[in-house]
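Secondary and tertiary structure notes
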Amino acid sequence: MVRPEPFAGYSWVLRTIIYVLVPAFTAWQYVRLRRAFHVFQLESYKRPWFRQWCAAEPRRRLFLQSLEGNKKPLVMTGRAKRTIVLATFLTLSGILVPSGLVHINFGTPFDLLTCAALFAAFFFGVPELLLASDALLTPVQRAINGRFLRAAELKLRDVHPVVVGVTGSFGKTSTKRAIETIVG
């Protein structure tokens, strides 16, 4: 069913949203997701710690500025790439699919209002989006970690290393070096 345009330039507005605003927002969101993931990485991939950081930093949790001066730079590990790509895909599809469905079923102004609401939700919801992406990828990460663990176990069985444990809060490095010299 073809509906008449509700106002002059309506199709131009839709094309601008679909072909300009959504791609530009998605690219900008990718940058913000990288910044958010950097904090997530600094917080040792601990979701509660990341949430605490976001609660403690309400202005910085929008990730509008880069996090200069941090103790470590962002390392684009496989986990980082997977999580950021999934979150970016969720942003793109999370704006286009619901807006398109509302457009088909209800038309204007509901489609434009839905699109605007989704832009706002994804803008303010970067931390939640990142954590949701990480949670969705948990089974994948668990399988990858299991593969590394099995490979390490096989290597240790082949090598039969001498294992020495050193604990405490003082002198561990010196003790480790002394034991290494003696054993070597």
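Model, not experiment: these values are computed from the prediction.

Rules and cut-offs
- Positions within a chain are numbered from 1, following the residues in the order the chain's sequence is written.
- Local features in a predicted model are, by the rule used here, given only for residues with pLDDT of at least 70; side-chain atom pairs are given and counted only at 80 or more, and totals for whole chains, interfaces and linings are based on all residues.
- Based on all heavy atoms of the structure, the side-chain values leave hydrogens and waters out of the count.
- Across the chain, each position has a pLDDT score giving the predictor's confidence in that residue, from 0 to 100.
- Going along the chain from the N terminus, every DSSP run of H or I of four or more residues is numbered as a helix, and every run of E of two or more is numbered as a strand.
- Here, a salt bridge means any Lys or Arg side-chain nitrogen found within 4 Å of an Asp or Glu carboxyl oxygen.
- Only protein chains enter the area calculation, which uses a 1.4 Å probe; residues under 20% of their type maximum are buried, those over 50% are exposed, and those in between are partly exposed.
- As a rule, the C-alpha atoms of each element are fitted with a line to give its axis, helices using only the stretch in contact, and angles between N-to-C directions run from 0 to 180 degrees.
- Throughout this description, any angle smaller than 35 degrees is read as roughly parallel, any larger than 145 degrees as roughly antiparallel, any in the 65 to 115 degree range as roughly perpendicular, and the remainder as oblique.
- By convention, the crossing between two helices is left-handed when the near helix turns anticlockwise from the far helix through less than a right angle, and right-handed when the turn is clockwise.
- Contacts are assigned to residue pairs with any non-hydrogen atoms lying within 4.5 Å of each other.
- In this classification, the charged set is Asp, Glu, Lys and Arg, the nonpolar set is Ala, Val, Leu, Ile, Met, Phe, Trp, Tyr, Cys and Pro, and all remaining amino acids, among them Gly, are polar.
- When the centres of two rings from Phe, Tyr and Trp lie within 6.5 Å, Trp using its six-membered ring, the rings pair. Their planes under 30 degrees apart give stacked, over 60 give edge-to-face, and anything left gives tilted.

**Brief notes about the confidence of the model for the chain**
- With 97% of its residues at a pLDDT of 70 or more, the chain shows a mean pLDDT of 90.
- Averaged over each element, pLDDT in the chain is lowest for helix α7 (residues 172-183) (85) and highest for helix α5 (residues 126-136) (96).

**Looking at the environment of Ala56**
- One can find Ala56 in helix α2 (residues 47-56).
- Linking Ala56 and Pro161, residues 105 residues apart in sequence, is a C-alpha distance of 45 Å.

**Thoughts on the pattern of salt bridges**
- Applying the stated criterion to the full structure yields four salt bridges.
- Measuring nitrogen to oxygen at the nearest pair gives 4.0 Å for the salt bridge that ties Glu57 to Arg60.
- Residue classification places Glu57 among the partly exposed positions, given a relative accessible area of 26%.
- Among the charged side chains, a salt-bridge network with shared partners connects Arg47, Arg79 and Asp134.

**Focus: the packing of helix α1 (residues 10-42) against helix α3 (residues 78-106)**
- Relative to each other, α1 and α3 sit at 155°, their axes nearing to 9 Å. In this view, α1 runs roughly antiparallel relative to α3, as classed from their interaxial angle. In the packing of α1 onto α3, the handedness of the crossing is right-handed. Two secondary-structure elements touch here, α1 through Tyr10, Leu14, Val22, Phe25, Thr26, Gln29, Tyr30, Leu33, Arg34, Phe37 and Phe40 and α3 through Arg79, Ala80, Thr83, Ile84, Ala87, Thr88, Thr91, Leu92, Ile95, Leu96 and His103.
- Its residues assigned to classes, the contact of α1 with α3 comprises 14 nonpolar, six polar and two charged.

**A look at the packing of aromatic side chains**
- Counted by the stated rule, this structure contains 11 aromatic pairs.
- Where Phe25 meets Trp28, the ring centres are 6.2 Å apart and the plane angle is 75°; that geometry is what we call edge-to-face. Highlighted residues: Phe25 and Trp28, both in helix α1, separated by three residues, approximately one helical turn.
- The class of Trp28 is partly exposed, set by a relative accessible area of 38%.
- Centre to centre, the rings of Trp53 and Phe63 are 5.7 Å apart; their planes meet at 15°, and the pair counts as stacked.

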